[in-house]
Amino acid sequence: MLHSMSTTVEPTSERSADEVNEEIRALWLRSGGTLSVEQREEYQRLVLEWASAAPQRVSAA
């Protein structure tokens, strides 16, 4: 029997959401409020890392 492999990449973070958030803030400060193409790519990576590190909320039904 063959098993299919998931193609979804699920980033895992070794850092806390607070640590990643600090790096995001530092990136914005260094950029002066306008991100270059490379900085935007880094920002997107950091936001994904932050989201995977942030506690998941459970909504009430």
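None of the values given here were measured: they were computed from a predicted structure.

Peer 1: What's the story with the overall build of the protein in this structure? I'm lost.
Peer 2: Helix and strand counts for the protein come out as two helices and zero strands. Across the 61 residues of the protein, 16% fall into the buried class. Put simply, the protein shows about 5500 Å² of open surface, and 55% of that area lies on carbon and sulfur atoms.

Peer 1: It is not clear to me how the nonpolar core should be interpreted in this structure. Could you clarify?
Peer 2: Nonpolar side chains in soluble globular proteins tend to be buried together. Counting residues in hydrophobic clusters, the biggest one holds five residues: V20, I24, L27, L35 and L46. Looking at this core element by element, the count peaks at three residues for helix 1 (residues 17-31). Sequence-distant contacts of L35, defined by excluding residues within four places in its chain, comprise L27, W28, R40 and Y43.

Peer 1: Just to check I follow, could you spell out helix 1 for this structure?
Peer 2: Residues separated by three or four positions in an α-helix point in the same direction, a consequence of the helix having 3.6 residues per turn. The terminal C-alpha atoms of helix 1 lie 21 Å apart, and with 15 residues this matches the ideal 21 Å at 1.5 Å per residue to within 8%. When we look at burial in helix 1, the residues that qualify are A17, V20, I24, L27 and S31. Along the axis of helix 1, the buried positions cluster into a sector of 80 degrees, meaning they face one direction only. Exposed and oriented more than 90 degrees from the buried face of helix 1 are D18, E22, R25, L29 and R30. Tucked into the core, helix 1 has its buried residues touching helix 2 (37-53). G32 sits one or two residues past helix 1 and shows a positive phi near 75 degrees.

Peer 1: Looking at this structure, I do not really get the pattern of salt bridges. What am I missing?
Peer 2: Side chains carrying opposite charge are able to pair once their charged atoms draw close together. Overall, the coordinates contain three salt bridges when judged by the stated rule. One salt bridge in this structure joins E49 and R15, with 2.8 Å as the shortest N-O distance. Of this pair, E49 sits in helix 2 while R15 sits in the segment before helix 1; the two residues are 34 residues apart in sequence, bridging distant segments of the chain. Via salt bridges that share partners, R15, E23, R45 and E49 belong to a single interconnected network.

What counts and how
- Residues numbered from 1 in each chain as written.
- Predicted model: local features only at pLDDT ≥ 70, side-chain atom pairs only at ≥ 80, totals over all residues.
- Heavy atoms only, no water.
- Helix = DSSP H or I, 4+ residues; strand = E, 2+ residues; numbered from the N terminus.
- Buried < 20%, exposed > 50% of the residue type's maximum accessible area, 1.4 Å probe, protein only.
- Areas by Shrake-Rupley, 256 points an atom, 1.4 Å probe, with all protein chains shown as cover.
- Core = buried A, V, L, I, M, F, W, Y, C linked by side-chain atoms within 4.5 Å.
- Contact = heavy atoms within 4.5 Å.
- Expected span 1.5 Å × (residues − 1).
- Arc of directions from axis to C-beta.
- Salt bridge = Lys/Arg side-chain N within 4 Å of Asp/Glu carboxyl O.

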